[in-house]
Amino acid sequence: MMESAHVPVLAQEAVAALTIKPDGVYVDATFGRGGHSRLILDRLGAQGRLIALDRDPDAIRAGAILQDARLTLVHSAFSRLAAVLDELDVKRVDGILLDIGVSSPQLDDATRGFSFRFDAPLDMRMDPGSGISASDWLATAEEGEISEVIRSYGEERFAKSIARTIVAARQKEAIRSTGQLANLIAATVKKREPGQHPATRSFQAIRIYLNRELEELSAVLPQCVDKLQPGGRLAVISFHSLEDRIVKRFMRNEALGEQAPARLPIPAAMLKPGRLKLVGRAQRAADEEIAANPRARSAVLRVAERVGDAGGGAT
């Protein structure tokens, strides 16, 4: 069995929303440490199948401990979901789960450079084997680019001042550790939010930008709908307002279907109908879960179901 120290947020609610069929085919597109996957496998019968993806090689290594013939574990960003399913000759699935953002094990591993709780190399890549590290990006990015990233992805009102400080500091010494960056930001941001380190928003912004998290999310959502068979469920857990906004807008638009341009008389029959129907309202973590895991405070679960003819059953 895998170690079960990491308990994902809204896990029971998300898996329940998938309405698991014992012989169904499901995708856990963000394997992490397998918390959701274990719950799905517990509900699957002998003929069921689970395909799990993760871009983090540490997650794939941890998942190797879980020996189950029904599980196929793939090292891949979830933006390749359709390609992965095609490679596995899986045409349609009965449910897909996405748990967006950085995982607790990534935050807790000092060597990954995601957190300022430890003074460690400033990396922040979910897949250390690809892309550019945070330290290398900060060494070369223009002040305006740094400012825009921190403002857009971190919603940080002191983004300009922080960017100016970073550029000035790197002229004297390379910014190579999480501690260096956190201290620079703390010295720049004078007005602090209660209970939050002044570097929180900037670290979050740089991580989201470097890992292309919003682009990955925008890319995978249409693929999810394409690969769901009628009646299949999509469950998405997000932890950031920018992510949740993308998910909410996408599900709403897919539920509405194609809309006629204003003041242009187009027969309804000529417009493409919606491919999703919304399932319930957005769910948030209960007070007990938030007390046990403060990170759950920002979690939002949204669920939608595929409608219409998706071109065949699950394989």
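Note that the structure is a prediction, hence the values are computed from the model and not measured.

## What to know about the pairing of strand E3 (residues 71-75)
- When strand E2 (residues 49-54) meets E3, the two strands line up parallel, connected through five bridges. Note that in E3 the partner of Ala52 across the bridge is Leu73.

## As for the nonpolar core
- Core analysis: the largest hydrophobic core is formed by 59 residues, its most contacted members being Val27, Leu98, Ile146, Leu181, Leu221 and Leu234.
- Excluding residues that lie within four positions of it along the chain, Leu181 makes contacts with Leu122, Leu138, Ile166, Ile175, Phe203 and Ile206.

## Structural notes on helix H11 (residues 213-227)
- Helix length check: H11, at 15 residues, gives a terminal C-alpha distance of 21 Å against a target of 21 Å (1.5 Å per residue), a fit within 8%.
- Looking only at H11, the buried set comprises Glu213, Leu214, Glu216, Leu217, Val220, Leu221, Gln223, Cys224, Val225 and Lys227.

## Examining the packing of aromatic side chains
- Tallying each qualifying case throughout the model produces two aromatic pairs.
- Aromatic pair Trp137 and Tyr209: ring centres 5.2 Å apart, planes at 45 degrees, arrangement tilted. Here Trp137, found in helix H6 (residues 134-140), pairs with Tyr209, found in helix H10 (residues 200-210); they are 72 residues apart in sequence, far enough to count as distant.
- Here Trp137 falls in the buried class, since its relative accessible area comes to 5%.
- Overall, Tyr209 belongs to the partly exposed group, its relative accessible area being 27%.
- When the ring of Tyr153 is compared with that of Tyr209, the centres are 6.0 Å apart and the planes differ by 45 degrees; the resulting orientation is tilted. A residue pair is termed long-range when its members are at least 10 positions apart, and Tyr153 in helix H7 (residues 143-154) and Tyr209 in helix H10 qualify at 56 residues.
- Taken together, the ring pairs connect Trp137, Tyr153 and Tyr209 into an aromatic cluster.

## A closer look at the pattern of salt bridges
- A full pass over the atoms with the stated rule returns 16 salt bridges.
- Arg61 is paired through a salt bridge with Asp58; the nearest N and O atoms lie 2.4 Å apart. Pair noted here: Arg61 and Asp58 are both in helix H3 (residues 57-63), with a separation of three residues, about one helical turn.
- Note that Glu87 and Arg80 form a salt bridge whose closest N and O atoms lie 2.7 Å from each other.
- The exposure class assigned to Arg80 is partly exposed, which follows from its relative accessible area of 36%.
- Each of the salt bridges in this network shares a partner with another, and the network as a whole consists of Asp226, Glu254 and Arg275.

## Focus on helix H9 (residues 178-188)
- Most of H9 is tucked away, with eight of its eleven residues classed as buried.
- For H9, every residue scored as buried is listed here: Thr178, Gly179, Leu181, Ala182, Leu184, Ile185, Ala186 and Thr188.
- Elements in contact with the buried residues of H9: H6, helix H8 (159-170) and H10.

## Structural notes on the pairing of E2
- Counting buried positions along E2 gives five out of six residues, so the element sits mostly inside the fold.
- Judged from the four bridges that link them, strand E1 (residues 25-28) and E2 form a sheet pairing that is parallel. Of the residues in E2, the one forming a bridge with Val25 is Arg49.
- Taken together, E1, helix H2 (residues 35-43) and E2 constitute a β-α-β crossover, and its handedness is right-handed.
- Since E2 and E3 lie parallel, the crossover through H3 that links them has a hand, and here it is right-handed.

Reading guide: rules and limits
Residues numbered from 1 in each chain as written. Predicted model: local features only at pLDDT ≥ 70, side-chain atom pairs only at ≥ 80, totals over all residues. Heavy atoms only, no water. Pairing = 2+ DSSP bridges. Helix = DSSP H or I, 4+ residues; strand = E, 2+ residues; numbered from the N terminus. Core = buried A, V, L, I, M, F, W, Y, C linked by side-chain atoms within 4.5 Å. Buried < 20%, exposed > 50% of the residue type's maximum accessible area, 1.4 Å probe, protein only. Contact = heavy atoms within 4.5 Å. Expected span 1.5 Å × (residues − 1). Phe/Tyr/Trp six-rings, centres within 6.5 Å; stacked < 30°, edge-to-face > 60°. Salt bridge = Lys/Arg side-chain N within 4 Å of Asp/Glu carboxyl O. Right-handed = clockwise from strand over helix to strand, strands pointing away.

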